[in-house]
Amino acid sequence: GQNIDQPTEMTATEGAIVQINCTYQTSGFNGLFWYQQHAGEAPTFLSYNVLDGLEEKGRFSSFLSRSKGYSYLLLKELQMKDSASYLCAPDQTGANNLFFGTGTRLTVIP
Amino acid sequence: DVKVTQSSRYLVKRTGEKVFLECVQDMDHENMFWYRQDPGLGLRLIYFSYDVKMKEKGDIPEGYSVSREKKERFSLILESASTNQTSMYLCASTQGGDYGYTFGSGTRLTVV
């Protein structure tokens, strides 16, 4: 089985940096996905981490520690359009499907 | 770009009706999935399929069935719609590995 823990809601100011944490417990682990979902829309792929460490993609970076069962998504230079839910999804070994956390709803304020 | 197309964006159905939600993907993916999403509960897997005519139950299959007659099409069927099936339904497909899932735009179903 899987257990995923993310904060339910976060608020941050435009132009700031925000870190969204995700802890997970899973039997077997390949990697971890992060998805972004704007209200009323489908989730879209942001990142996939397999190895420990930080991977940077423009304003968004994702970090993974396999031994700690921990990941975070780092958003820099926040923009209003970054207001969305961010879903953490561990990729379980041998599983044919992803299990998604309930997501963190981020609100960016002026 | 991979496209996953869901036939309807909004649907309103009556209690007891049989409802079909259609999903088509255009990238020859083997794996397809149906999720529902409800506030505070996140995405919950209903059914998935990893090949034509193959199906597997997810976490909440009760009240639903699926059909995968062709590789590109995965249908979700509500045999007798009930009000507790009012939800956002999301279809997804993947070729596996680190490519992640591509989601359709979702169908918001209301059962009255």
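Scroll up for the structure.
Reading guide: rules and limits
Residues numbered from 1 in each chain as written. Chains lettered and ligands numbered in written order. Predicted model: local features only at pLDDT ≥ 70, side-chain atom pairs only at ≥ 80, totals over all residues. Heavy atoms only, no water. Contact = heavy atoms within 4.5 Å. Buried area = accessible area lost by both parts, 1.4 Å probe. Salt bridge = Lys/Arg side-chain N within 4 Å of Asp/Glu carboxyl O. Polar contact = N/O pair within 3.5 Å; in protein donor to acceptor, adjacent residues only side chain to side chain. Helix = DSSP H or I, 4+ residues; strand = E, 2+ residues; numbered from the N terminus. Nonpolar A, V, L, I, M, F, W, Y, C, P; charged D, E, K, R; others polar. Disulfide = S-S within 2.5 Å. Buried < 20%, exposed > 50% of the residue type's maximum accessible area, 1.4 Å probe, protein only. Pairing = 2+ DSSP bridges. Axes fitted to C-alpha atoms, helices over the stretch in contact; angles between N-to-C directions.

Peer 1: What should I look at first to understand the interface of chain A and chain B in this one?
Peer 2: In many analyses, interface size is given as the accessible surface area lost on bringing the parts together. Tallying the contact residues gives 17 residues for chain A and 22 residues for chain B. Interface area for chain A against chain B, summed over the two sides, is near 1400 Å², with a carbon-plus-sulfur share of 60%. Summed over the shared surface of chain A and chain B, the result is 0 salt bridges. Here chain A is connected to chain B by 5 residue pairs in polar contact (both at pLDDT 80 or more). Contributing elements (two or more residues each) for the side of chain A that touches chain B: β4 (31-37), β5 (44-49) and β9 (84-91) of chain A. Broken down by element, the residue count for the side of chain A that touches chain B peaks at 3 residues, all from β4 of chain A. Across the side of chain A that touches chain B, the residue classes tally to 10 nonpolar, 5 polar and 2 charged.

Peer 1: How should the state of the cysteines be read in this particular structure?
Peer 2: By definition, a disulfide is the covalent link that joins the sulfur atoms of two cysteine residues. The tally for this structure, following the rule as stated, stands at 2 disulfides over all chains. Note on cysteine connectivity: C22 of chain A is disulfide-linked to C88 of chain A, with sulfurs 1.9 Å apart. Note on the C22 of chain A and C88 of chain A pair: the S-S dihedral is about -55°, so by sign convention the disulfide is left-handed. One end of the pair, C22 of chain A, is in strand β3 (residues 18-26); the other, C88 of chain A, is in strand β9, with 66 residues separating them in the sequence. Considered together, C22 of chain A and C88 of chain A belong to a single accessibility category, that of buried residues. Residue C23 of chain B pairs covalently with C91 of chain B via a disulfide, S to S 1.9 Å. For the disulfide bridge between C23 of chain B and C91 of chain B, the dihedral angle about the S-S bond is near -75°, and by the sign convention the bridge is left-handed. Remark: C91 of chain B occurs in strand β10 (residues 87-94) and C23 of chain B occurs in strand β4 (residues 23-25); sequence separation between them is 68 residues. The same class applies to C23 of chain B and to C91 of chain B, which are both buried.

Peer 1: I tried to follow the sheet that holds β5 of chain A on my own but got confused; where do I start?
Peer 2: Backbone-to-backbone hydrogen bonds pair the strands of a sheet. The strands run either parallel or antiparallel. Residue and element names in this part refer to chain A. Judged by pairing direction, the sheet is mixed, and its 5 strands sit side by side in the order β2-β10-β9-β4-β5 without closing on themselves. One side of each edge strand has no neighbouring strand; the edge strands of this open sheet are β2 (9-13) and β5. With direction set aside, neighbouring strand axes in the sheet form an average angle of 25°. Here β4 pairs with β9 via 7 bridges, running antiparallel. Within β9, the residue paired with Q37 across the bridge is S85.

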